[in-house]
Amino acid sequence: MASSMSTILRAYSTTAASAAPMAVLGPWMSRYTATKPRQYNTAASAAHPLDLKSAVAAKIPVFSQEVKELREKYGENQLGTCSVNQAYQGMRSVKCMTYETSLLDSEEGIRFRGYSIPECQKLLPTAKGGKEPLPESLLWLLLTGDVPSNEQIDHLKADLARRSKLPDGVAQVLDSVSSDLHPMSQLGIGLLALQKDSVMAREYAAGTTKNKYWEHCFEDSLNLIARMPEVAARIYRKTYKGAKYIPSQASKYDLGANLAHMMGFNNSDFDELMRLYLTIHADHEGGNVSAHTVRLVGSALSDPYYAVAGGMCGLAGPLHGLANQEVLNWLLELRAKLG
């Protein structure tokens with residue numbers, strides 16, 4: 001989900017430099033640092049549009065003005081230096097990008113648009129009777145900087161449900177792949193199979209204008225977010241459950257609960273766990289391999305399907321997302337030895 005959202009943000013190029021050193025940017029940046037929530041006192045915000053696309057559209061002029069102001073005042077300032085060792089070591093600690101939606105601190109943990117995970121748990125809409133944020137509510141927060149209302153999230157859930165049906169041929173592509181192929185490889189194949197319906201690719205070929213790029217990428221990204229749970233669940237059931245699939249109920253459940261349902265879990269506690277899991281993994285700054293890859297591929301005007309597929313290939317590496325699998329394997333081995 002986060003990679004798709006990063007693609008949207010990249011498409012309209014409006015992220016402020018919240019990762020830049022305070023010493024360089026001075027008091028101007030104190031308004032916009034990702035370590036605290038930001039306030040957008042605009043008439044559009046006050047109107048509280050129900051649909052996410054309108055809410056994002058209302059923020060684009062605000063974000064664009066921030067970037068313009070930043071570049072006019074500090075465009076020639078140096079962010080730092082790069083040593084030969086840093087160049088050979090993957091640009092470690094080199095300040096060379098902007099990223100606003102999240103900030104990761106080694107002591108404090110992750111913040112999304114300035115809000116810590118406990119603050120998100122307190123402020124964001126939850127499922128009825130639940131305590132964990134709905135994934136849809138964090139999506140809204142990341143793209144707009146605003147804490148959404150329950151009504152806005154109900155509207156977004158309905159929109160995602162309408163988009164969730166897999167296009168013809170995608171299930172057949174996934175079913176044709178050997179079940180012993182690693183799930184991340186299957187995921188990459190599934191994402192590329194979805195690409196045939198890319199709005200960005202179609203509109204670019206038809207001669208769309210640059211100011212419309214973000215809209216096309218937005219449509220692709222929401223379609224991708226809506227369809228990825230079924231792709232992921234189908235891969236899980238094919239690989240581990242004998243290809244016995246469970247139909248999606250996107251109109252009934254939120255993204256987290258529907259994913260759990262399609263995987264075969266029918267437990268409200270597990271639904272809550274899945275919501276929390278999707279929330280805390282929704283974004284992870286922009287310098288990690290997968291998020292950076294998504295932005296890099298997107299910078300070529302590759303559509304979000306290509307960009308996210310590239311990011312998932314990076315995520316599969318043992319020094320990135322595959323590390324989670326290795327930790328789980330270690331825990332399972334430890335349990336087997338100790339009983």
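What you see is a predicted model; the values in this text were computed from it and never measured. (Residues numbered from 1 in each chain as written. Predicted model: local features only at pLDDT ≥ 70, side-chain atom pairs only at ≥ 80, totals over all residues. Heavy atoms only, no water.)

(A) Focus on the overall build of the protein chain. When its secondary structure is counted, the protein chain shows 17 helices and 3 strands. For the protein chain, long-range pairs separated by at least 24 residues make up 68% of all intrachain contacts whose partners lie at least 6 apart in sequence. For the protein chain, the computed accessible surface area is about 17,300 Å², with 55% contributed by carbon and sulfur atoms. (Helix = DSSP H or I, 4+ residues; strand = E, 2+ residues; numbered from the N terminus. Contact = heavy atoms within 4.5 Å. Areas by Shrake-Rupley, 256 points an atom, 1.4 Å probe, with all protein chains shown as cover.)

(B) Geometry of the side chain of Q86. Positionally, Q86 belongs in helix α5 (residues 84-88). On the accessibility criterion, Q86 (17% relative accessible area) is buried. Not counting the four nearest positions on each side in its chain, Q86 is found in contact with T81, M91, R92, S93 and V94. (Buried < 20%, exposed > 50% of the residue type's maximum accessible area, 1.4 Å probe, protein only.)

(C) Quick peek at the packing of helix α15 (residues 289-298) against helix α16 (residues 304-315). At their nearest, the axes of α15 and α16 sit 8 Å apart, and the two run at 150° to each other. As summarised for this structure, α15 and α16 are arranged roughly antiparallel, according to the angle between their axes. The chirality of how α15 crosses α16 is right-handed. Residues V289, S290, T293, V294, V297 and G298 of α15 form the contact with α16, whose participating residues are Y306, A307, V308, G310, G311, G314 and L315. Of the residues belonging to the contact of α15 with α16, the class tally is 7 nonpolar, 6 polar and no charged. (Axes fitted to C-alpha atoms, helices over the stretch in contact; angles between N-to-C directions. Parallel < 35°, antiparallel > 145°, perpendicular 65-115°, else oblique. Left-handed = near helix turned anticlockwise from the far one by under 90°. Nonpolar A, V, L, I, M, F, W, Y, C, P; charged D, E, K, R; others polar.)

(D) Layout of the environment of T81. Mapped onto the fold, T81 is located in the loop between α4 (52-74) and α5. On the basis of relative accessible area, T81 is assigned to the exposed category, the value being 70%. For the pair T81 and S93, spaced 12 residues apart in sequence, the C-alpha to C-alpha distance is 9.8 Å. Beyond its immediate sequence surroundings of up to four residues, T81 is in contact with Q86 and V94.

(E) Geometry of unusual backbone geometry. Of note in the backbone geometry, M91 takes a positive phi value of approximately 60° without being a glycine. For M91, the location among the structural elements is in the loop between α5 and β1 (102-105). For M91, a relative accessible area of 40% translates into the label partly exposed. The backbone phi angle of L301 is positive, close to 65°, even though this residue is not glycine. Position of L301 among the secondary structure elements: in the loop between α15 and α16.

(F) Up close: the sheet that holds β1. Spatially, 3 strands are ordered β1-β2-β3 in an open sheet, and the strand pairing comes out antiparallel. Whereas interior strands pair on both sides, the edge strands pair on one side only; in this sheet they are β1 and β3 (115-116). (Pairing = 2+ DSSP bridges.)

(G) The pattern of salt bridges, seen in detail. For the structure shown, the criterion picks out 16 salt bridges. The partner of R163 in a salt bridge is D159, with the nearest N and O atoms 3.1 Å apart. In this pair, R163 and D159 both sit in helix α8 (residues 150-163), 4 residues apart, roughly one turn of the helix. Both residues of the pair, R163 and D159, count as buried. Of the charged contacts, one joins D175 and R234 as a salt bridge, the two residues approaching to 3.0 Å between their closest N and O atoms. With a gap of 59 residues between them, D175 in helix α9 (residues 170-176) and R234 in helix α12 (residues 213-240) connect regions that are remote in the sequence. Overall, R234 belongs to the buried group, its relative accessible area being 15%. (Salt bridge = Lys/Arg side-chain N within 4 Å of Asp/Glu carboxyl O.)

(H) Inspection of the side chain of D254 at higher detail. Looking at the element boundaries, D254 is found in the loop between α12 and α13 (255-263). Judged by relative accessible area, which is 4%, D254 ranks as buried. A polar contact is formed between the side chain of D254 and the side chain of R275, at a distance of 2.8 Å. With near-sequence residues (within four places) excluded, D254 lies in contact with A127, L134, P135, E136, K157 and R275. (Polar contact = N/O pair within 3.5 Å; in protein donor to acceptor, adjacent residues only side chain to side chain.)

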